[in-house]
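Examination of the molecular architecture
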Amino acid sequence: MHLARPFLSLLLALTLGLVACRDEQAGPRPRTQRLPPPTQLRTLDAAPAELTFRSGATLGGGAVVYLGSQVTPAQAAPGQPVRLAHYFQAQRAPPQGYSFFAHVIDAATGQMLMNADHEIQDGMAPLASWPVGKVIEDVHTVSMPGGPSRVVLGFWRGDERLAVDDPRAQDGQNRMLGPTLGSAPELPEYKVSRATKPPVLDGELGDEAWKTAPSVVLRGSFDGQPASLRTEARLLYDDANLYVAFAVVDPDVWGTLRKRDDPIYEQEVVEIFLDANADGRTYNELQVSPHNVIFDAYFPARRQGMDTGWDSGMKTAVKVRGTLDDPSDRDDGWTVEMQIPFARLAEVPNVPPKKGDRWRFNLYRLEHVERRNVEGQAFSPLFIGDFHALPRFGWLAFE
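Residues numbered from 1 in each chain as written. Predicted model: local features only at pLDDT ≥ 70, side-chain atom pairs only at ≥ 80, totals over all residues. Heavy atoms only, no water.

Digging into the overall build of the protein
Rules: Secondary structure follows DSSP: runs of H or I at least 4 residues long count as helices, runs of E at least 2 residues long count as strands, and numbering of each begins at the N terminus. For the exposure calls, accessible area comes from a 1.4 Å probe over protein chains only, and a residue counts as buried if that area is under 20% of its type's maximum, exposed if over 50%, partly exposed in between. Should any heavy atoms of two residues lie within 4.5 Å, those residues are considered in contact. Methods summary: accessible areas were calculated by the Shrake-Rupley approach with a probe of 1.4 Å, and residue burial reflects only the protein chains presented.
Regarding its fold elements, the protein presents 2 helices and 23 strands. Per-residue burial over the protein gives 53% buried out of 399 residues. Contacts in the protein between residues at least 24 apart in sequence constitute 66% of all its contacts with a sequence separation of at least 6. Counting only carbon and sulfur atoms, one obtains 50% of the accessible surface of the protein, whose full area is about 16,400 Å².

Some remarks on the packing of aromatic side chains
For any pair of aromatic rings, the description consists of the separation of the ring centres together with the inter-plane angle of the planes. The cut-off we apply is this: Paired rings are identified among Phe, Tyr and Trp, the last through its six-membered ring, by centres lying within 6.5 Å, and are further divided according to the angle between planes into stacked (under 30 degrees), edge-to-face (over 60) and tilted (the rest).
Under the counting rule described, the total for this entry stands at 19 aromatic pairs. Aromatic side chains tyrosine 66 and phenylalanine 88 sit 5.4 Å apart centroid to centroid with 35° between the ring planes, which places their arrangement in the tilted category. Of this pair, tyrosine 66 sits in strand β3 (residues 64-72) while phenylalanine 88 sits in strand β4 (residues 81-90), and the two are 22 residues apart along the sequence. An identical accessibility class is assigned to tyrosine 66 and phenylalanine 88; each is buried. On the basis of an interplanar angle of 85° and a centroid distance of 5.4 Å, the ring pair of tyrosine 265 and phenylalanine 295 is categorised as edge-to-face. One end of the pair, tyrosine 265, is in the loop between β15 (241-249) and β16 (269-275); the other, phenylalanine 295, is in strand β18 (residues 294-299), and 30 residues separate them in sequence. A single burial state applies to tyrosine 265 and to phenylalanine 295, both of which are buried. Counting every residue linked through ring pairs, the aromatic cluster contains Phe53, Tyr66, Phe88, Phe100, Trp130 and Phe155.

Quick notes on the pairing of strand β23 (residues 394-398)
How we decide: Paired strands, in this sense, are two strands between which DSSP finds at least two bridges.
The buried count for β23 comes to 4 of 5 residues, which makes it a mostly enclosed element. Of the strand pairs in this sheet, strand β11 (residues 189-194) and β23 are connected by 4 bridges, and their pairing is parallel. Bridged to lysine 191 within β23 is alanine 397. Here strand β21 (residues 358-369) pairs with β23 via 4 bridges, running antiparallel. Across the sheet, phenylalanine 361 pairs through a bridge with glycine 394, a residue of β23.

Overview of the environment of phenylalanine 342
Among the structural elements, phenylalanine 342 can be located in the loop between β20 (333-341) and β21. For the pair phenylalanine 342 and alanine 276, spaced 66 residues apart in the sequence, the C-alpha separation amounts to 9.4 Å.

Description of the nonpolar core
When a protein is soluble and globular, its nonpolar side chains tend to lie buried together. The criterion, for reference: In plain words, nonpolar cores are sets of buried Ala, Val, Leu, Ile, Met, Phe, Trp, Tyr and Cys residues tied together by side-chain atoms within 4.5 Å.
In terms of nonpolar packing, the biggest core is built from 52 residues, with Phe88, Trp130, Leu153, Phe155, Met176 and Leu181 touching the most fellow members. Considering each element in turn, this core owes the most residues, 4 residues, to β4. Ranked by size, the runner-up nonpolar core spans 41 residues in total, among them Val244, Phe246, Phe342 and Leu345.

Some thoughts on the side chain of serine 380
The following threshold applies: Under this definition, polar contacts are N or O atom pairs within 3.5 Å; protein pairs additionally need one hydrogen-donor-capable and one acceptor-capable atom, and for neighbouring residues in sequence, both atoms have to be side-chain atoms.
The topology assignment puts serine 380 in the loop between β22 (373-378) and β23. For serine 380, the side chain forms a polar contact with the main-chain oxygen of arginine 392, separated by 2.6 Å. When residues no more than four places from it in sequence are discounted, the contact partners of serine 380 are Leu187, Pro188, Asn362, Arg392, Phe393 and Gly394.

Details of unusual backbone geometry
For the bond from threonine 72 to proline 73, the omega torsion is -5°, close enough to zero to count as cis. Mapped onto the elements, proline 73 comes out in the loop between β3 and β4. For the bond running from valine 351 to proline 352, omega is -5°, close enough to zero to count as cis. With a phi angle near 65°, aspartate 261 is a residue other than glycine that sits in the positive phi range. For arginine 303, which is not glycine, the phi dihedral falls at a positive 60°.

Comments concerning the sheet that holds β3
Heads up, the rule is: The axes used here are C-alpha line fits, helices contributing only the stretch in contact, and every angle between their N-to-C directions lies in the interval 0 to 180 degrees.
Here we have 4 strands laid out as an open sheet, ordered β2-β3-β4-β7, and antiparallel in their pairing. Edge positions in the open sheet fall to β2 (53-59) and β7 (135-143), since each of these has one partner strand only. The sheet shows a mean angle of 20° between the axes of neighbouring strands, taken without regard to direction. In this structure, β4 lies alongside β7, joined through 9 bridges in antiparallel fashion. Counterpart to tyrosine 87 in the pairing with β7 is glutamate 137.

Some details on the confidence of the model for the protein
Predicted coordinates in areas of low pLDDT are best not read in detail. For clarity, the cut-off: In predicted models, pLDDT denotes the confidence assigned by the predictor to each residue on a 0 to 100 scale.
With 90% of its residues at a pLDDT of 70 or more, the protein has an overall mean of 90. Low pLDDT, under 50, characterises residues 1-19; the stretch is placed with 126 contacts to residues that sit more than four places away or in other chains. Considering only residues more than four positions removed or in separate chains, one finds that residues 21-33, a stretch of pLDDT under 50, has 108 contacts.

If you want it as structure tokens, here you go:
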């Protein structure tokens, strides 16, 4: 799915987007954490001597200078909290009406990973109030991304951003370049073997073909930790199709959506995203719900141009071990089989794939624990709340 939406209680609560998944979703949504609210504007005479990142970039024709930032700790595991302290100084009366923004973006692609916008010092230090010559400190906390990323920051008013004077100090969108974060955890690889005999699509996973396919257990999409409910997946292929199987442990199997391409990513669902030419742009999203409702879409770019008119030609089967839509009893779970024609997917280099071909892909599950808290699971953990985080897709290696 693109993301499917909300996430774990606080972190898991995602805002629903117009795209078939949550907006920067699927998995708990990281939120900025703030210090206790100050009672008045805090100023310093100088920035700390030990800054992680030094800038000196000016904005608004020299009205404001960004001195730099301190990252604490300098190294943290993906998903762990990181304290960011930014230091600014007004060199003359600052402009009126601007609010502060801070974004975390993928270092390689510029893709938004995290929106950490907030008011400086919890609203006690609006830009227009800064005394000339004094240093303003802004402190907030973000979750360490799962790969190399960068903080970009600045000031906005309505539809404009306060201009950064030196083009070399910004990203082309008047977002000042700040400190870098994170290092790239190794991307997982799944070696998919050719099936001598395709599995029978009946929702049962007892076929000999599935017994020979390697299994993977999905992990928390946001932190890579073991999920509360087990999800096991297997993949196979032949000349015409990619086959995907999910075995889902679920004490309450449910869903209310019944029509093809309904937003089933808002409920319980399993998903596969496929970037066949591994270009980090074009990809397909395919989902199945416990009611065997499917959602399939094509994207020409990350979260852009979602085309649900695209028909994957996918065939699916679901077997529920329990009673659908009855919260009064305890279910065992559900199993899914997906048969996905290669010929319908976007930009497949070779049909059928050749031995040694390598695609980018990810597998997901969205589980509504007790129908309230949303837990995102993934083959390749994302460490952000976005199932469309293409740089974190794993590798699908054809054997």
